[in-house]
Amino acid sequence: MKGGFEVVHATLDMIQPHHEPIWDFASVGFPTTSTVSSNPRQTVENSCINLERNELSEWVEQVTKQLIDDLPADTGTDDRTSLQEVEASMVCEDNFAPSQLGDFWPRKTVRRSFLDGSFGAELQWGNDLGNQTNVDVCENGGNDRGLDEQGLSLLTLLLECAVAISVDNLGEAHRMLLELTQMSSPYAPSCAERVVAYFAKAMSSRVINSWLGICSPLINYKSVHFAFQAFNNVSPFIKFAHFTSNQAILEAFYSRNRVHIIDLDIMQGLQWPALFHILATRIEGPPHVMMTGMGSSMELLVETGKQLSNFAKRLGLSFEFHPIAKKFGEIDITMVQVRRGETLAIHWLQHSLYDATGPDWKVLRLFEQLAPRVITLVEQDLSHSGSFLDRFVGSLHYYSTMFDSLGAYLPADDPNRHRIEHCLFYREINNILAIGGPARSGEDKFKHWRSELARNCFLQVPMSSNSMAQAQLILNMFPPAHGYSLVQGDGTLKLGWKDTSLLTASAWTSHASG
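Residues numbered from 1 in each chain as written. Predicted model: local features only at pLDDT ≥ 70, side-chain atom pairs only at ≥ 80, totals over all residues. Heavy atoms only, no water.

Explain the overall build of the protein residue by residue, including any values.
Looking only at helices and strands, the protein features 16 helices and twelve strands. The buried share of the protein, taken over its 514 residues, is 60%. Here the analysis covers contacts within the protein between residues at least 6 apart in sequence; of these, 79% occur between residues at least 24 apart. By element, 50% of the accessible surface of the protein is carried by carbon and sulfur atoms, the whole surface being about 20500 Å². (Helix = DSSP H or I, 4+ residues; strand = E, 2+ residues; numbered from the N terminus. Buried < 20%, exposed > 50% of the residue type's maximum accessible area, 1.4 Å probe, protein only. Contact = heavy atoms within 4.5 Å. Areas by Shrake-Rupley, 256 points an atom, 1.4 Å probe, with all protein chains shown as cover.)

Shown next as structure tokens:
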């Protein structure tokens, strides 16, 4: 792969990390290589040492553990066991260390009974947590209020409401949701209040759906795509997914003359111009590129195909685009036009915005039939399976961290921040809590795709040191104090915010691939 890396290195030196129109190459976000060492460390914490935990996500981690201990007995042994598994999963793998809980746990003096509707329980906070009224939750120059008593009160009420929903005490849940929606705003300067506002809205949808039946909201894909692009411009998460995957695909395509990429949810195709540029300037010569783009809107797919075709033409790259306006798990293998002699790569950037791929078991079956040379998989470190309370606990911890990371970069009144939180984060929260779950979708979802691939005739291809270098280049675009963390281990790359892992990138190959 030496030649491939030399091309990457040369290409990166040509590109500046600005973010202008979508199809200008700079918008893809390729960083420069001036700060990359030849031997990237196994664990990189964005050159920032001894960063303190962000208080919101730390508090959520602590109090959800207490929630597990305080569950009413009527929720059953199975729910308690599964919740303990969710809590255990919050302790991140590899070098992401758990927080020191110490004596900061909340302690209930009176338990609320959700079965008889009684309430009035109060919380007493151990040691200093209850007195921390000026802690900066979102570190954006002091514009945000800290995790004060109001924030703690809102989060506590949100947790109690989740327990009420989990035991089908919808009347009590509705009463608490009315209070939460009146006391919280998605425009608040406090991250805690913004998180509560969006979770309360999603849980209100869950209660309404429980009364009226299953609801599938309409999706404005254009607004989602614009928010996705905004998120790509202000955060390293999308770039991390794109460039680590591109590196793995580039290595799999080394010396191959005809290549085929299947993108399971291509959106605007922001990822691919960077790879096209590298392939077009390959030392061994450019290949012919066939791309199959999956999506829900044929109109948007055609527009994406035109943009990619125009970009490839400017590079002198032989390119074809084949749009399929269906979910990957709902197609027949004959719809994917894989030709003899093509080297196949499948890319899957997972998200929770909507069900982009259909039934997991059908997706896995198509993977086996297509036998790609490489599958690049980027997973959220967030489970969609289990009961409502399982999903609530996991998603509250996950998105509290995401809100914190965004709040550290953008001020509270930034329009892009609101667009990202409303069109991306809220939609994902709503899909997980109000729409998602096996009981509502009718389909079981795999908890960890990496485990499923390993069990079904796929071999993991360790993410190379070149992929690690690409990821570190991306983090170098953001000030060290922002606290993004990068970990390489078990053949994967993990990107997180301080002590919490949020995305995991891995690569796989089929036993039957050529």
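Break down empty space enclosed by the protein for me, with residues and values.
Under the criterion given, the structure shown has six cavities of 30 Å³ or more. As for the largest cavity, its lining consists of 17 residues, and the residues nearest its centre are Phe231, Ile238, His351, Gln380 and Glu428. Listing elements by their share of the lining of the largest cavity, those giving two or more residues are α7 (221-234), α8 (236-252), α12 (388-407), α13 (415-435) and β12 (500-510). (1 Å grid on protein atoms, 1.4 Å probe; cavity = no way out; pocket = protein on both sides within 12 Å on 5 of 7 lines; lining within 4 Å. Points joined across faces, edges and corners; volume = space filled by probe spheres on them.)

Can you break down the pattern of salt bridges residue by residue, with the values?
With the rule as written, the count across this model stands at nine salt bridges. Across the salt bridge formed by Glu179 and Arg175, the nearest N and O atoms sit 3.6 Å from each other. Placement of both Glu179 and Arg175 in helix α5 (residues 170-183) is noted, with a separation of four residues, approximately one turn of the helix. As a salt-bridge pair, Glu421 and Arg194 come within 2.9 Å of each other at their nearest N and O atoms. Of this pair, Glu421 sits in helix α13 while Arg194 sits in helix α6 (residues 191-212), placing them 227 residues apart in sequence. Note on accessibility: Glu421 and Arg194 belong to one class, buried. A network of salt bridges, in which partner residues are shared, links Glu172, Arg175 and Glu179. (Salt bridge = Lys/Arg side-chain N within 4 Å of Asp/Glu carboxyl O.)

A description of the environment of Glu193 should follow, citing residues and the corresponding values.
You can see Glu193 is positioned in helix α6. Sequence spacing of Glu193 and Gln150 is 43 residues, and the spatial spacing of their C-alpha atoms is 8.5 Å.

Could you give an account of the packing of α7 against α8, with specific residues and numbers?
Closest axis-to-axis distance for the α7/α8 pair is 6 Å, and the angle between their directions is 90 degrees. Classified by the angle between their axes, α7 and α8 sit roughly perpendicular to one another. Touching Phe228, Phe231, Asn232 and Asn233 of α7 are Phe237, Ile238, Lys239 and His242, all from α8. Classifying every residue of the contact of α7 with α8 by side-chain character gives four nonpolar, three polar and one charged. (Axes fitted to C-alpha atoms, helices over the stretch in contact; angles between N-to-C directions. Parallel < 35°, antiparallel > 145°, perpendicular 65-115°, else oblique. Nonpolar A, V, L, I, M, F, W, Y, C, P; charged D, E, K, R; others polar.)

Tell me what's going on with the packing of aromatic side chains, and back it up with residues and numbers.
Tallied over the entire structure, the rule returns 19 aromatic pairs. Aromatic side chains Tyr198 and Phe403 sit 6.0 Å apart centroid to centroid with 45 degrees between the ring planes, which places their arrangement in the tilted category. Of this pair, Tyr198 sits in helix α6 while Phe403 sits in helix α12, and the two are 205 residues apart along the sequence. With relative accessibility at 2%, the residue Tyr198 sits in the buried group. Ring centres of Trp348 and Trp449 lie 4.9 Å apart, and the angle between their planes is 75 degrees; this geometry places the pair in the edge-to-face category. Taken together, the residues span a long stretch of sequence, with Trp348 in strand β7 (residues 343-349) and Trp449 in helix α15 (residues 449-455) at a distance of 101 residues. In this structure, Trp348 and Trp449 share a single accessibility class: buried. Site record: aromatic cluster; members linked through ring pairs are Tyr198, Phe231, Phe237, Tyr398, Tyr399, Phe403, Tyr409, Phe425, Tyr426, Phe478, Tyr484 and Trp497. (Phe/Tyr/Trp six-rings, centres within 6.5 Å; stacked < 30°, edge-to-face > 60°.)

An account of the environment of Thr343 is needed here, citing residue identities and associated values.
Mapped onto the elements, Thr343 comes out in strand β7. Sequence separation between Thr343 and Pro372 is 29 residues; the distance between their C-alpha atoms is 7.4 Å. For Thr343, the residues in contact, after removing those within four places along its chain, are Ala252, Phe253, Arg256, Arg258, Val259, His260 and Arg373. Looking at Thr343, its side chain comes within polar contact range of the side chain of Arg256, at 3.1 Å. (Polar contact = N/O pair within 3.5 Å; in protein donor to acceptor, adjacent residues only side chain to side chain.)

How would you explain the side chain of Gln247 if you had to name every residue and give the values?
Tracing the sequence through the fold places Gln247 in helix α8. A polar contact is formed between the side chain of Gln247 and the side chain of Glu251, at a distance of 2.8 Å. Separated by 3.3 Å, the side chains of Gln247 and Gln470 make a polar contact.

Account for the confidence of the model for the protein, with residues named and values stated.
Averaged over the protein, the pLDDT score is 76; the fraction of residues at 70 or greater is 68%. Taken together, the stretch residues 1-53 has pLDDT below 50 and engages in 126 contacts with residues farther than four places along the chain or on a different chain. In this model, residues 74-146 is a region of pLDDT below 50 whose contacts with residues beyond four sequence positions or in other chains number 163 contacts. (pLDDT = per-residue confidence, 0-100.)

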